[in-house]
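Listed here are the chains, written in short residue letters.
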Amino acid sequence: MSADWRAKRRAKALREIQRDKHLGKAVSVMRAAEVKTPYHIARYTGLLSVDTQIHLPAGTVIQLHGKKATGKSSLAQQLMGQIQKKYGEDASIGWATLGYKPDLEHWRMCGVTVELSPSELAALGYEDPEDAPESVRGHTIGNIDVIDLGDSEEARKAPAEALMSAALRMVESGAYQMVVVEELGSGETKRDVTKDLHEEMTPGAWAKLMADFLKKYYTRARIPLPDGEPNETNVVVINPVRAVINSNPGGRGPTEQATSGYALEHAMAINIKLASSRPKGGGTHKEIYWEVRKAKHGGHEGASGTLVWNYENGFDTIQDTFDAAVAIGTVVRSGAFYRFMDQQEKFQGGARAVKHLRENPALLADLYEATVEVANGRADLESVLDGSFWGE
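These numbers come from a predicted model, not from an experiment. (Residues numbered from 1 in each chain as written. Predicted model: local features only at pLDDT ≥ 70, side-chain atom pairs only at ≥ 80, totals over all residues. Heavy atoms only, no water.)

With respect to the overall build of the chain
Inference 1: Scanning the chain from N- to C-terminus turns up 15 helices and 16 strands.
Inference 2: Among the 392 residues that make up the chain, the fraction classed as buried is 42%.
Inference 3: A total of about 21,100 Å² of accessible surface is found on the chain, and carbon and sulfur atoms cover 50% of it. (Helix = DSSP H or I, 4+ residues; strand = E, 2+ residues; numbered from the N terminus. Buried < 20%, exposed > 50% of the residue type's maximum accessible area, 1.4 Å probe, protein only. Areas by Shrake-Rupley, 256 points an atom, 1.4 Å probe, with all protein chains shown as cover.)

Right, dumping it as C-alpha cells:
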C-alpha cells in the first residue's frame, strides 16, 4: 500500500475515534512527541545511595511499605525536605493523617525546615509565640499543610475513605508538589484486612481501597493545570505490611503480604519495601534496608541498599555518600584500602575513610558532586580519577 493511502486511512480512523459517541468528548488525539507528562521531573531523597539508583518521577504515586519502625515515615520526610530545597518558598506539601500528630523534631532530623510549634516555644519559656524572636522561632520554607481527620465524623464512619478523599482534593488542586498519606493502614481495621488474608491469602479489603484510590488519583492527575502543564503532584503512601494470620499452620509460606491487586501492579509508579535491623552500636543507630519492588517511568526493580539511621541525628548522610561513591567508583577500593577520587592517600578500612570524610567537609562536597555527575552520565569516571574533571 502507498504512503498516501495509509495517511488517508489513518486520518479517517482518528476522525472516527473523535466522533465515536461511546468514547465521549474527552478523547484526545495527538502525536507522541506532543504528549506532556511530568515523569522526567525527578524527586529526590537527599540520600545519594538511593538517588543514584532509582528515578522517582513527579506526578505519580510512591508507596513505602514495611513493618513498623522500618523508616517509612523518615524516608517520606526526606522527600519533603528535598521538595523544600528545590522549590523554596514556592514549596507546597500536604500531610494527611488520622489523628497522628507530626513529630516536628523528627521532621527536622530528616531535613524538613519547619518553625517551632507553640508547645515547643512554651517549653523554652515563650508562653506567647509572638514574643519569640525569629532567630528562636525559626522559619518554615514554603507551606506545609497538615490535614488531621482524626476527629471528623466522616473519619469515624469510614476512616480510610476520608483519608484518601483529603489526599485527592489536594491532588486535584494542582497546588501541591507532594502529598503524604501517613499510615494508610490505620484507616482500615485489622479485622477487615486479616479476615481476607486468612481466608483467601489476598488482602481483599485493603486492595479494594487502594484500587479505588489509584483510579481516582490518576483521573485527577491527568487533568492539565490552567496553564496547560501536567499535574506534578506526587502522593507518597505510607503502608504497613499486614501479617498473614494462621495462613499456614505448618509454618511454611509467607508470613507477611503487602498490598496487591491490578491497580497497584499497573498504576503504582514506585513501590519501595523497607526493613530494619535491631539497634546497633550500643543503641546509637540501626540499619535500614530498602529495595525497589516495582518501578515505572525510568525506574527499575531490584535496586536496593542499606542506610544508617542515628537515633539522635537522623540518616547518616556522610556514610551514605561514601557507600554510594564506592558503588559508583569515585572512591576506589583495593582490598581493605580506600582512596578518594584522584587523591593518592589511602585509608585502611571503611571506618577510617568515613572518619576522614567527616573531618574534611570540602572533600565531602567534592566527592558528592563528582559522584552525582558520574552517576548521571554527565562526567566520565576516568576524568574524576585522573583529576581532569576539575579542570586546571
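What to know about a nonpolar patch on the surface
Inference 1: A contiguous nonpolar patch, built from Ile17, Leu23 and Val29 and spanning about 220 Å² of accessible area, is present on the exposed surface.
Inference 2: In this fold, valine 29 is placed in the loop between α1 (3-19) and β1 (42-43).
Inference 3: Classification of valine 29 as partly exposed rests on a relative accessible area of 33%. (Patch = residues over 30% accessible without salt bridge, like charges linked within 9 Å, V, L, I, M, F, W, Y side chains within 5 Å. Salt bridge = Lys/Arg side-chain N within 4 Å of Asp/Glu carboxyl O.)

Focus on the sheet that holds strand β15 (residues 337-340)
Inference 1: Strand order in the open sheet formed by three strands is β14-β15-β16, and the pairing between neighbours is antiparallel. Pairing within the sheet leaves two strands with one partner each, and these edge strands are β14 (331-334) and β16 (347-348).
Inference 2: Sheet topology places β15 next to β16; two bridges connect them, and they run antiparallel. Across the sheet, the residue bridging to tyrosine 338 is phenylalanine 347, located in β16. (Pairing = 2+ DSSP bridges.)

Comments concerning the nonpolar core
Most often, soluble globular proteins keep nonpolar side chains buried together rather than apart.
Inference 1: Core analysis: the largest hydrophobic core is formed by 37 residues, its most contacted members being Ile54, Leu64, Met80, Val180, Val236, Ile272 and Trp290.
Inference 2: A total of five residues in this core trace back to one element, the largest contributor, which is helix α3 (residues 72-87).
Inference 3: When sequence neighbours within four positions are dropped, the list of residues in contact with valine 236 reads Ile62, Leu64, Ala76, Leu79, Met178, Val179, Val180 and Val181.
Inference 4: Core analysis: the second largest hydrophobic core is formed by 23 residues, Val61, Val181, Leu214 and Val235 among them. (Core = buried A, V, L, I, M, F, W, Y, C linked by side-chain atoms within 4.5 Å. Contact = heavy atoms within 4.5 Å.)

Some points on helix α13 (residues 350-359)
For an α-helix, 3.6 residues make a turn, and residues three or four places apart therefore share a direction.
Inference 1: Every buried residue of α13 is listed here: Ala353, Val354, His356 and Leu357. Considered in projection along α13, the buried side chains sweep an arc of 155° and stay on one side of the axis. Within α13, the exposed residues directed more than 90 degrees away from the buried face are Ala351 and Arg352.
Inference 2: Residues of α13 that are buried in the fold lie against α12 (317-328), β15, β16 and α14 (361-375). (Arc of directions from axis to C-beta.)

Some thoughts on the packing of α13 against α14
Each pair of packed helices can be described by the angle between their axes along with the distance between the axes.
Inference 1: At a minimum axis separation of 5 Å, α13 and α14 run at an interaxial angle of 105°. The angle between α13 and α14 falls in the class roughly perpendicular. On α14, the residues that touch His356, Leu357, Arg358 and Glu359 of α13 are Pro361, Leu363, Leu364 and Leu367.
Inference 2: Grouping the constituent residues of the contact of α13 with α14 by class yields five nonpolar, one polar and two charged. (Axes fitted to C-alpha atoms, helices over the stretch in contact; angles between N-to-C directions. Parallel < 35°, antiparallel > 145°, perpendicular 65-115°, else oblique. Nonpolar A, V, L, I, M, F, W, Y, C, P; charged D, E, K, R; others polar.)

Digging into the packing of aromatic side chains
Inference 1: In total, this model carries six aromatic pairs according to the counting rule given.
Inference 2: Ring geometry for phenylalanine 389 against tryptophan 390: centres 4.6 Å apart, planes inclined by 80°, an arrangement best described as edge-to-face.
Inference 3: Judged by its relative accessible area of 33%, tryptophan 390 is partly exposed.
Inference 4: An aromatic cluster of at least three residues, connected via ring pairs, comprises Phe322, Tyr338, Phe340 and Phe347. (Phe/Tyr/Trp six-rings, centres within 6.5 Å; stacked < 30°, edge-to-face > 60°.)

Some remarks on the pattern of salt bridges
Inference 1: Scanning all chains against the criterion turns up 10 salt bridges.
Inference 2: We note a salt bridge from lysine 355 to glutamate 359, for which the minimum N-O separation is 2.6 Å. Of this pair, lysine 355 and glutamate 359 both sit in helix α13, four residues apart, which is roughly one turn of the helix.
Inference 3: Across the salt bridge formed by arginine 378 and glutamate 373, the nearest N and O atoms sit 2.9 Å from each other.
Inference 4: Through salt bridges that share partners, Glu105, Arg108 and Glu120 make up one connected network.

Details of the packing of α12 against α14
Inference 1: It is the contact of α12 with α14, at a shortest axis distance of 10 Å, that shows an interaxial angle of 45°. For the element pair α12 / α14, the angle class is oblique. For the pair α12 and α14, the crossing hand works out as left-handed. Across the interface between the two elements, Ile318, Thr321, Ala324, Ala325 and Ile328 of α12 pack against Leu364, Leu367, Tyr368, Thr371, Val374 and Ala375 of α14.
Inference 2: Among the residues making up the contact of α12 with α14, the classes are represented as nine nonpolar, two polar and no charged. (Left-handed = near helix turned anticlockwise from the far one by under 90°.)

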